[in-house]
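Each chain is listed here by its residues.
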Amino acid sequence: MAACALRRGLLSTLSKYSKKQAHRILSVADSRFDVCRPLLECRTCGMYGVAQQTRFMSSRPEGKILETVGVFEALKQHGKYETGQLFLHSVFGYRGIVLFPWHARLYDRDITPPMSDSKPEHPGAHGSKEVKGKTHTYYQVLIDTRDCPHISQRSQTEAVTFLANHDDSRALYAIPGLDYVSHEDILPYNSAEQIPIQHELFERFLMYNPTKSPPFIPRDTLKAWQEKNHPWLELSDVHRETTENIRVTVIPFYMGMREGQNSHVYWWRYCIRLENLGNEVVQLRERHWRIFSLSGTLETVRGRGVVGREPVLSKEQPAFQYSSHVSLQSPSGHMWGTFRIERTDGSCFDVRIPPFSLESNKDDKAPPAGYTF
């Protein structure tokens with residue numbers, strides 16, 4: 001009875017959305033009710049709450065505590081969300097705020113080009129057709145640190161890493177709670193709180209201004225940080241391909257070059273999201289990479305799982321996201337490969353990882369800066 005009342009209240013409140021959009025948000029609410037952060041509405045005040053669970057994998061845990069989040073806004077079908085926009089992630093369910101947008105080239109191998117546009121590709125392209133990139137909006141965002149424990153099994157929350165300065169003995173450093181979010185992943189909302197997101201960079205990057213919409217505007221520190229670190233933060237290409245209802249999205253980032261005794265070593269970071277678009281429960285078991293360098297070398301990497309995990313992808317938890325790194329002794333190359341996926345009956349199939357280029361910045365850039373204040 002209570003669940004039905006919540007559904008009616010949610011659908012009533014979302015009447016300003018189209019039927020398709022309303023179902024999309026209701027689906028997100030339903031999935032989080034079964035997973036880790038249910039999105040509920042108080043029929044008295046009309047506000048939404050996020051219920052926190054004590055056990056991550058519990059399907060319907062006891063002892064939920066409602067926490068006011070805010071009120072949904074209309075989805076933007078055109079244009080982009082501005083700096084300071086609050087949102088819920090439609091896949092991972094965390095609260096976040098937009099720092100700034102990126103315009104990326106999306107290479108979607110699920111879209112078949114006209115025959116006249118088809119051209120042969122390099123051997124690592126699975127014998128597939130040429131794919132033309134389409135401009136797509138992604139966002140650099142801050143993740144609410146209160147939500148990080150709830151998504152740690154499905155998405156790494158320290159995915160943005162950099163090469164340290166050359167005079168620093170550390171190989172890498174990370175900025176926790178930063179993510180890259182596609183336009184369609186954003187469910188915008190507003191809040192009356194002046195500090196609605198808990199993150200150590202929130203007040204350093206943003207300030208509250210009730211006369212603006214959204215009411216959070218960038219500080220000079222955010223503008224300076226973006227300008228200084230633009231080459232290391234910029235998202236330029238996104239690659240996507242679906243095999244048997246498992247969609248793989250890859251976003252590569254150039255990290256910089258390190259000088260060795262007799263050579264230069266170039267580093268890249270790549271972020272991968274696996275999404276189960278079907279109803280069947282599957283589990284990632286193995287990875288198989290081919291890494292080609294412009295110098296002519298071809299490396300094969302095979303191993304169990306990814307980043308030490310073998311994630312299960314189900315209708316309730318359809319996605320898993322992680323980041324990793326690769327280095328070449330050449331300024332460019334490309335990668336491709338497969339993930340071995342196991343069904344519940346023990347049978348397996350291979351999911352293609354779309355081929356993507358590893359390109360270094362053409363001009364020399366200073367090491368990343370602005371990570372200390």
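Please read all numbers here as calculations on a predicted model, not as lab measurements.

(A) Examining the packing of aromatic side chains more closely. For the structure shown, the criterion picks out 14 aromatic pairs. A centroid spacing of 6.0 Å and a plane angle of 55 degrees characterise the contact between Tyr-81 and Tyr-139, whose relative ring orientation is tilted. One end of the pair, Tyr-81, is in the loop between strand E3 (68–72) and strand E4 (86–89); the other, Tyr-139, is in strand E6 (residues 134–143), and 58 residues separate them in sequence. With a relative accessible area of 2%, Tyr-81 lands in the buried category.

(B) The nonpolar core, seen in detail. Judged by nonpolar contacts, the single largest core of 46 residues is most densely connected at Tyr-94, Ile-97, Leu-99, Trp-225 and Leu-235. Ranked by residues supplied to this core, first place goes to strand E5 (residues 95–108) with seven residues. Within the second largest apolar cluster, 28 residues are counted, among which are Val-250, Tyr-266, Tyr-270 and Phe-320.

(C) The pairing of E4, seen in detail. Along E4, one buried face is formed by Leu-86 and Leu-88 and the opposite face, lined by Phe-87 and His-89, is buried too. With three bridges connecting them, E4 and E5 associate as antiparallel partners. Bridge pairing in E5 places Leu-88 opposite Arg-95. In textbook terms, the turn of a hairpin is the stretch between consecutive antiparallel strands, and for E4 and E5 this stretch comprises five residues, one of which, Gly-93, has a positive phi near 80 degrees. Sheet topology places E4 next to strand E10 (residues 186–190); four bridges connect them, and they run antiparallel. In the sheet register, Phe-87 faces E10, and the bridge partner there is Pro-188.

(D) Up close: the confidence of the model for the protein. For the protein, mean pLDDT is 77; residues scoring 70 or higher make up 69% of the total. A low-confidence stretch, residues 115–128 stays under pLDDT 50, and its non-local contacts, those more than four residues away or across chains, total 25 contacts. Throughout residues 367–373 the model reports pLDDT below 50, and contacts reaching past four residues in sequence, or to other chains, amount to 22 contacts.

(E) How the structure looks around helix H5 (residues 220–233). Helix geometry: H5 is bent most strongly at Glu-227, by close to 45 degrees, with proline Pro-231 lying one to four residues after it. For H5, the set of buried residues is Leu-222, Trp-225, Asn-229, Pro-231, Trp-232 and Leu-233.

(F) Main features of unusual backbone geometry. The linkage connecting Ser-213 with the following residue, Pro-214, adopts the cis geometry, with an omega of 0 degrees. When you line up the elements, Pro-214 lands in the loop between strand E11 (206–208) and strand E12 (216–218). Even without being a glycine, Glu-244 presents a positive backbone phi close to 50 degrees. With respect to the secondary-structure elements, Glu-244 resides in the loop between strand E13 (237–243) and strand E14 (246–259). The backbone phi angle of Asn-245 is positive, close to 70 degrees, even though this residue is not glycine. Along the chain, Asn-245 turns up in the loop between E13 and E14. According to the relative accessible area criterion, Asn-245 is partly exposed, its value standing at 44%.

Calculation criteria
- Here the residue numbering is sequential within each chain, running from 1 through the sequence in written order.
- The predicted origin of the model limits local features to residues at a pLDDT of at least 70 and limits the giving and counting of side-chain atom pairs to 80 or more, whereas totals for whole chains, interfaces and linings rest on all residues.
- Just so you know, side-chain values use all the structure's heavy atoms and leave hydrogens and water out.
- Pairing of aromatic rings covers Phe, Tyr and Trp, the last counted by its six-membered ring, and requires centre-to-centre distances within 6.5 Å; plane angles under 30 degrees mean stacked, over 60 mean edge-to-face, and any other angle means tilted.
- Numbering of helices and strands runs from the N terminus, with a helix taken as a DSSP run of H or I at least four residues long and a strand as a DSSP run of E at least two residues long.
- Per-residue accessibility, obtained with a 1.4 Å probe over protein chains only, is compared with the maximum for each type, and a residue is labelled buried under 20%, exposed over 50%, and partly exposed between these values.
- Only buried Ala, Val, Leu, Ile, Met, Phe, Trp, Tyr and Cys residues count toward a nonpolar core, and they belong to the same one when joined by side-chain atoms within 4.5 Å.
- In this analysis, strands are considered paired if DSSP registers two or more bridges between them.
- Confidence per residue, as judged by the predictor, is encoded in pLDDT with a range of 0 to 100.
- In what follows, residue pairs with any heavy atoms lying within 4.5 Å of each other are defined as contacts.
- In this analysis the local bend is the angle between axes fitted, respectively, to the seven residues ending at and the seven residues starting at the residue.

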